[in-house]
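Chain by chain, the residues run as shown.
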Amino acid sequence: MPAPFYYRQTLGIRVTVRPGYLREQSRPTAGQWVFGYHVRIENVGAQAAQLLARRWLITDSAGEAHEVEGEGVIGEQPTLYPGRVHEYRSFCVLKSPRGAMEGEYRFVRADGSRFEAAIPRFELLAADD
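The shown structure was predicted, so the numbers you read here are calculated from the model rather than taken from an experiment.

Criteria and thresholds
- Residues numbered from 1 in each chain as written.
- Predicted model: local features only at pLDDT ≥ 70, side-chain atom pairs only at ≥ 80, totals over all residues.
- Heavy atoms only, no water.
- Helix = DSSP H or I, 4+ residues; strand = E, 2+ residues; numbered from the N terminus.
- Contact = heavy atoms within 4.5 Å.
- Pairing = 2+ DSSP bridges.
- Axes fitted to C-alpha atoms, helices over the stretch in contact; angles between N-to-C directions.
- Buried < 20%, exposed > 50% of the residue type's maximum accessible area, 1.4 Å probe, protein only.
- Core = buried A, V, L, I, M, F, W, Y, C linked by side-chain atoms within 4.5 Å.
- Lys, Arg positive; Asp, Glu negative; His and termini not counted.
- Salt bridge = Lys/Arg side-chain N within 4 Å of Asp/Glu carboxyl O.

Attention now moves to the environment of Pro4. Take Pro4: it is sitting in the segment before strand E1 (6–10). With 15 residues separating them along the chain, Pro4 and Pro19 place their C-alpha atoms 7.2 Å apart. In contact with Pro4, not counting residues within four places along its chain, are Val17, Arg18 and Pro19.

Listed below in structure tokens is the structure:
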């Protein structure tokens, strides 16, 4: 079965996320479940926009939630021109086999206007097979 994907479009920016459980990197007996996710950010609008920052809200079924903020994504602040795409992979470690992530990317346009593009809420679930 293919991994699920989640997407949301905000002001000409389409964000698609495909998460997956990383069994070989996880240590359930030590309370660590590792999840990877592939993010595709696509400019489907008519104006270029530079990604400045990100904010993630990460929750797990153990009742923990934390927020992660920072500049760019994986050390980059790409400018997405109309029709262009930026993709990257990252991961998170949870203290339970189930959780969720969501957030937003902060952008600026050439005219100086700023906006946030939503990162869709996506589920993290450790496979039991």
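Continuing now.
The next thing to look at is the sheet that holds E1. Across the sheet, which stays open at both edges, the four strands sit in the order E1-E2-E3-E7 with antiparallel pairing between neighbours. Of all the strands in the sheet, the pair left with one neighbour each is E1 and strand E7 (85–94). Ignoring which end each strand starts from, the neighbouring axes of this sheet average 20° apart. With five bridges joining them, E1 and strand E2 (residues 13–21) adopt antiparallel strand pairing. Each bridged residue has a counterpart across the sheet, and for Tyr7 the counterpart in E2 is Thr16.

Even without glycine at this site, Leu11 takes up a positive phi of about 50°. By the secondary structure assignment, Leu11 is in the loop between E1 and E2. For Leu11, a relative accessible area of 56% corresponds to the exposed category. The phi dihedral of Ile74 falls on the positive side, at around 40°, and the residue is not glycine.

Turning our eyes to something else, we now look at the nonpolar core. Core analysis: the largest hydrophobic core is formed by 27 residues, its most contacted members being Ile41, Trp56, Tyr105 and Phe107. Breaking this core down by element, the ones donating at least two residues are E2, strand E3 (33–43), strand E4 (49–60), E7, strand E8 (98–109) and strand E9 (114–125). Excluding residues that lie within four positions of it along the chain, Phe107 makes contacts with Ile13, Ile41, Ala49, Gln50, Leu51, Leu52, Ser113, Arg114, Phe115 and Ala117.

As a further point, take the side chain of Asp60. You can see Asp60 is positioned in strand E4. Buried Asp60, no salt bridge; nearest opposite-charge side chain is Lys95, N-O distance 6.9 Å. Excluding anything up to four places from it in sequence, Asp60 contacts Leu94, Lys95, Ser96, Arg98 and Gly99.

Right, let's talk about the pattern of salt bridges for a bit. Under the criterion given, the structure shown has eleven salt bridges. Between Arg14 and Glu42 there is a salt bridge whose closest N-O contact spans 3.3 Å. With Arg14 in strand E2 and Glu42 in strand E3, this pair connects stretches of sequence that are 28 residues apart. Glu42 gets classed as buried once you look at its relative accessible area, which sits at 17%. A salt bridge links Glu87 to Arg40, with the nearest nitrogen and oxygen atoms 3.9 Å apart. On the criterion of sequence distance, the pair formed by Glu87 in strand E7 and Arg40 in strand E3 is long-range, its members being 47 residues apart. Given the relative accessible area of 41%, Glu87 is considered partly exposed. Beyond isolated ion pairs, a larger network of salt bridges with shared partners links Arg55, Glu67, Glu69, Glu104, Arg106 and Glu116.

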